[in-house]
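Residue-level structure breakdown
What follows is the residue order along each chain.
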Amino acid sequence: MPGMVTVLHAAFDARTLDVTAGAHDIALRFGGQEITDGDPVGPGVISAVFHSVCDATRASLEIATMVALVEPDAENPLGGMRIVLCTAADEPDAPVGTQALRHARTLLLKAAAGQILATAPTAVVAGPTLPPGIELLDRGLWTPLPGAQPERVYEMCVGGATPEGTGTSNLEWARRALHDPTATVVVDVDHALRAAMAAWPAVRSGNARMVLVYQGSAADRMAVTAELALRLHADGALVLYGRWTAGRYETYRAFKEALGFHAAACATEQLVADLQGCADEIAHLLPDLGARVGGTVPGRVGSTFERAGMFDAVGHWVQAITSRVPTVLVLDDAHRADPTSISMLCHLWHSCGSSALMVVATATETPVADRLADVVVHPDSSALVRIPLS
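The sections below set out a description of the structure shown in this document. (Residues numbered from 1 in each chain as written. Predicted model: local features only at pLDDT ≥ 70, side-chain atom pairs only at ≥ 80, totals over all residues. Heavy atoms only, no water.)

**Notes on the overall build of the protein**
Along the backbone of the protein there are 15 helices and 12 strands. Computed over the C-alpha atoms, the radius of gyration of the protein is 23 Å, within 12% of the 21 Å expected from 2.2 N^0.38 for a compact globule of 390 residues. The principal-axis extent of the C-alpha atoms belonging to the protein is close to 70 × 45 × 35 Å. For the protein, the proportion of its 390 residues judged to be buried stands at 51%. (Helix = DSSP H or I, 4+ residues; strand = E, 2+ residues; numbered from the N terminus. Rg over C-alpha atoms; globule rule 2.2 N^0.38 Å. Buried < 20%, exposed > 50% of the residue type's maximum accessible area, 1.4 Å probe, protein only.)

Laid out in structure tokens, this is it:
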């Protein structure tokens, strides 16, 4: 991000005061430069400015690791520190990092013991580079300075939002969408979200729900879907995202993207357990995954029998995932889905009707939404939540 710098601002309490010098050295070792704006700095506080968001992020995690070693048996080993990361552009002729440091001082007041908080510009860049076991949890909007625009804040959660070894959420699309300054959103996002969020308690209880977000502009649909995904992820959901892309006809494309991302981030041992007896069948959808879990059949579906076996494997896999963690499967731009992909969705829905699964599908017009709604044949009418945005 040209013209942008990131400030790491950290405070340590009496328990960890002795690590202040070590934290300062870590910040400098990762490329940071000491920074001050003239305001008095108390003991146990450090500030450093970085030209690389990723360097600042890595420094914060290294500092957290050092703090955790001070009291490894404590209920909250990180409780003796607070760290914030703020990325901002400086005013013309201002010293480097001045604006980001002002934001960081204010955000540090919001941070609770043990938290690492990052503003949206930091999270959007750093998110894809985070090591396994680290996830960004949405912590809502925050106003950095009087009169400034609200900014979204994320907590860098050590240990992740989902159980170890079960994969991480695919949320880069959501963070980018909600931080896009060029997006023009006219829909009442909060009104649309209330209907979708009302279905979440049922999902957590093991009753699948399908949410259809349709009509409106692409920016409107994305704003609603991205906000929903971030809120549910912060509530403990595993979020998997896939999209059908204009001009690229590919059967099962959104499913391949969503489940392929999950597989790439998931421990092999867990995948083997989840797909026991289905290795050959899942290879038809994701050949690399099939080989990874011991499949031998080439990843290409021929007969109807083979396709049915692949559908069963996907249903079995998603049931295994949702048995561990409530899951949100986002299928974006489903108006571009081919009939075979809709058949897979239908099979998945009926396989997972009693699972902690929320399917969120977006589409352009009502007739397409009606076609997707036909997939949901369920005695509970509340299994389908329609959210028209016009």
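**Regarding the pairing of strand β3 (residues 45-50)**
Looking along a regular strand, one sees the side chains alternate between the two faces of the sheet. Burial analysis of β3 places 5 of its 6 residues in the buried class, the great majority of the element. Examined bridge by bridge, strand β1 (residues 4-12) and β3 share 6 bridges and lie antiparallel to one another. Its bridge partner lying in β3, His9 is registered against Ser47. (Pairing = 2+ DSSP bridges.)

**Remarks on the sheet that holds strand β5 (residues 116-119)**
Strands sit in the order β2-β3-β1-β4-β5-β7-β6 across an open sheet of 7 strands; the sheet is mixed. Two strands lie at the open edges of the sheet, namely β2 (33-34) and β6 (134-142), each paired on one side alone. Sitting on the sheet, helix α1 (residues 20-29) touches β1, β2 and β3, and the angle it makes with β3 is about 0°. (Contact = heavy atoms within 4.5 Å. Axes fitted to C-alpha atoms, helices over the stretch in contact; angles between N-to-C directions.)

**Quick notes on empty space enclosed by the protein**
Here the idea is plain: a probe the size of a water molecule rolls over the atoms and shows the empty space left. The final tally for this structure, using the stated rule, is 1 cavity of 30 Å³ or more. Space inside the largest cavity adds up to approximately 40 Å³. Together, Leu240, Leu259, Val318, Ile321, Thr327, Leu329 and Leu357 line the largest cavity. Mapped onto the lining of the largest cavity, the elements with two or more residues apiece are α13 (304-324) and β10 (327-332). Its residues assigned to classes, the lining of the largest cavity shows 6 nonpolar, 1 polar and no charged. (1 Å grid on protein atoms, 1.4 Å probe; cavity = no way out; pocket = protein on both sides within 12 Å on 5 of 7 lines; lining within 4 Å. Points joined across faces, edges and corners; volume = space filled by probe spheres on them. Nonpolar A, V, L, I, M, F, W, Y, C, P; charged D, E, K, R; others polar.)

**A few points about unusual backbone geometry**
Despite not being glycine, Asp93 shows a phi value in the positive range, around 70°. Relative accessible area serves as the criterion here: at 84%, Asp93 is assigned to the exposed category. At Asp333, a position not held by glycine, the phi torsion is positive, near 55°. Here Asp333 lies in the loop between β10 and α14 (339-351).

**Looking at the packing of helix α9 (residues 253-265) against α13**
At a closest axis distance of 13 Å, the pairing of α9 and α13 adopts a crossing angle of 55°. In terms of their interaxial angle, α9 and α13 are classed as oblique. The handedness of the crossing between α9 and α13 comes out as left-handed. Only Val314, Trp317, Val318 and Ile321 of α13 make contact with α9, whose side of the interface consists of Leu259, His262 and Ala263. Split into classes, the residues belonging to the contact of α9 with α13 amount to 6 nonpolar, 1 polar and no charged. (Parallel < 35°, antiparallel > 145°, perpendicular 65-115°, else oblique. Left-handed = near helix turned anticlockwise from the far one by under 90°.)

**A few points about the pattern of salt bridges**
Tallied over the full model, the rule gives 17 salt bridges. The partner of Arg139 in a salt bridge is Glu155, and the shortest N-O contact between them spans 2.9 Å. Of this pair, Arg139 sits in strand β6 while Glu155 sits in strand β7 (residues 151-158), and the two are 16 residues apart along the sequence. Judged by relative accessible area, Glu155 falls into the buried class, the value being 13%. Its salt-bridge partner being Lys256, residue Glu250 comes within 3.5 Å of it at the nearest N-O pair. Through salt bridges with shared partners, a single network forms among Asp138, Arg152, Asp190, Glu227 and Arg231. (Salt bridge = Lys/Arg side-chain N within 4 Å of Asp/Glu carboxyl O.)

**So, the nonpolar core**
Counting 60 residues, the largest nonpolar core has Leu8, Phe12, Ile63, Val328 and Met358 as the members making the most contacts within it. Apart from residues no more than four positions distant in its own chain, Leu8 is found in contact with Ile46, Ser47, Ala48, Phe50, Ala56, Ala59, Ser60, Ile63, Ile83, Val84 and Leu85. Counting 52 residues, the second-largest nonpolar core is a separate cluster that includes Met210, Ile282, Val359 and Ala383. (Core = buried A, V, L, I, M, F, W, Y, C linked by side-chain atoms within 4.5 Å.)

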